[in-house]
Amino acid sequence: MRWLWTPAWIARHVAMVVLVVGFLGLGWWQISRATAGNSLSWGYAVEWPVFAGFVVYVWWREVKLARRRADGDAAPAADPAEVAAGEPAPGDAAGSRPAVRRPVRVARVPASAGAAEDADLAAYNHYLSWLNANPGARPGDYPG
């Protein structure tokens, strides 16, 4: 649990406490406004504590994720060469998260030069090249 007291985690703990106290304070302020006759404040009086609960949920989830990562780093990783072909890999258990792998590069095959070009596409490309060659011209000036 020593990893929960690093400077980054202390900043997270402080931010969580400040946000929760601030959101609950804003909720209390909205309750005082609502009891004074502002009926719209009843909705906000419910909304601010929900925000505070969400901050606590996100903080707790981050703590659990960091603990899981710390436990995973302590366990030695299995060498894929040593795992038998019939055995599933440790991360392949049912219900586990999918592994993040390196992206696959796909070779691009250039289009053949002899392919018949679409006449409309050729006319549009000619129009665009004319517009590029004549920057001050209006589209109605196109001679084609």
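Since the structure is predicted, the reported quantities are computational estimates derived from the model, not experimental observations.

(A) Seen up close, the overall build of the protein chain. Within the protein chain, the secondary structure is distributed over three helices and zero strands. Traced from its N-terminal end to its C-terminal end, the protein chain shows the element sequence α-α-α. Looking at the protein chain as a whole, 11% of its 144 residues are labelled buried.

(B) Structural context of the environment of His126. Looking at the secondary structure, you find His126 in helix α3 (residues 119-133). Through-space distance from the C-alpha of His126 to that of Gly144 is 8.8 Å; in sequence the pair is 18 residues apart.

(C) Quick look at the nonpolar core. With five residues, the main nonpolar core is built from Met16, Val20, Phe23, Ala52 and Val55. When residues in this core are grouped by element, the largest group, three residues, is from helix α1 (residues 7-35). Those residues in contact with Met16, other than ones at most four positions away along the chain, are Val55, Val56 and Trp59.

(D) View of a positive patch on the surface. Taken together, the side chains of Arg12, Arg61, Lys64, Arg67, Arg68, Arg69 and Arg97 present a region of like positive charge at the surface. When residues in the positive patch are grouped by element, the largest group, five residues, is from helix α2 (residues 41-74).

(E) Representation of the packing of aromatic side chains. Applying the stated rule across the entire model yields eight aromatic pairs. On the numbers, 6.4 Å between centres and 35° between planes, the contact of Phe54 with Tyr57 is tilted. Here Phe54 pairs with Tyr57, and both are found in helix α2, just three residues apart, close to one helical turn. Over the ring of Trp9 we find Arg12, and its NZ or CZ is 4.5 Å from the ring centre.

(F) Structural view of the pattern of salt bridges. Inspection of every chain in the model, using the stated rule, returns one salt bridge. Among the salt bridges present, the one from Arg138 reaches Asp141, with a minimum N-O distance of 3.9 Å.

(G) Quick peek at the side chain of Gln30. Note that Gln30 resides in helix α1. On the accessibility criterion, Gln30 (5% relative accessible area) is buried.

(H) How the structure looks around the side chain of His13. On the secondary structure map, His13 appears in helix α1. Judged by relative accessible area, His13 falls into the buried class, the value being 14%. Each residue touching His13, except ones within four places of it in the same chain, is listed here: Leu4, Trp5 and Trp59.

What counts, and at which threshold
Residues numbered from 1 in each chain as written. Predicted model: local features only at pLDDT ≥ 70, side-chain atom pairs only at ≥ 80, totals over all residues. Heavy atoms only, no water. Helix = DSSP H or I, 4+ residues; strand = E, 2+ residues; numbered from the N terminus. Buried < 20%, exposed > 50% of the residue type's maximum accessible area, 1.4 Å probe, protein only. Core = buried A, V, L, I, M, F, W, Y, C linked by side-chain atoms within 4.5 Å. Contact = heavy atoms within 4.5 Å. Patch = residues over 30% accessible without salt bridge, like charges linked within 9 Å, V, L, I, M, F, W, Y side chains within 5 Å. Areas by Shrake-Rupley, 256 points an atom, 1.4 Å probe, with all protein chains shown as cover. Salt bridge = Lys/Arg side-chain N within 4 Å of Asp/Glu carboxyl O. Lys, Arg positive; Asp, Glu negative; His and termini not counted. Charge placed at Lys NZ, Arg CZ, Asp CG, Glu CD. Phe/Tyr/Trp six-rings, centres within 6.5 Å; stacked < 30°, edge-to-face > 60°. Lys NZ or Arg CZ within 6 Å of the ring centre and 35° of its normal.

By themselves, these observations are geometric and do not establish any function.
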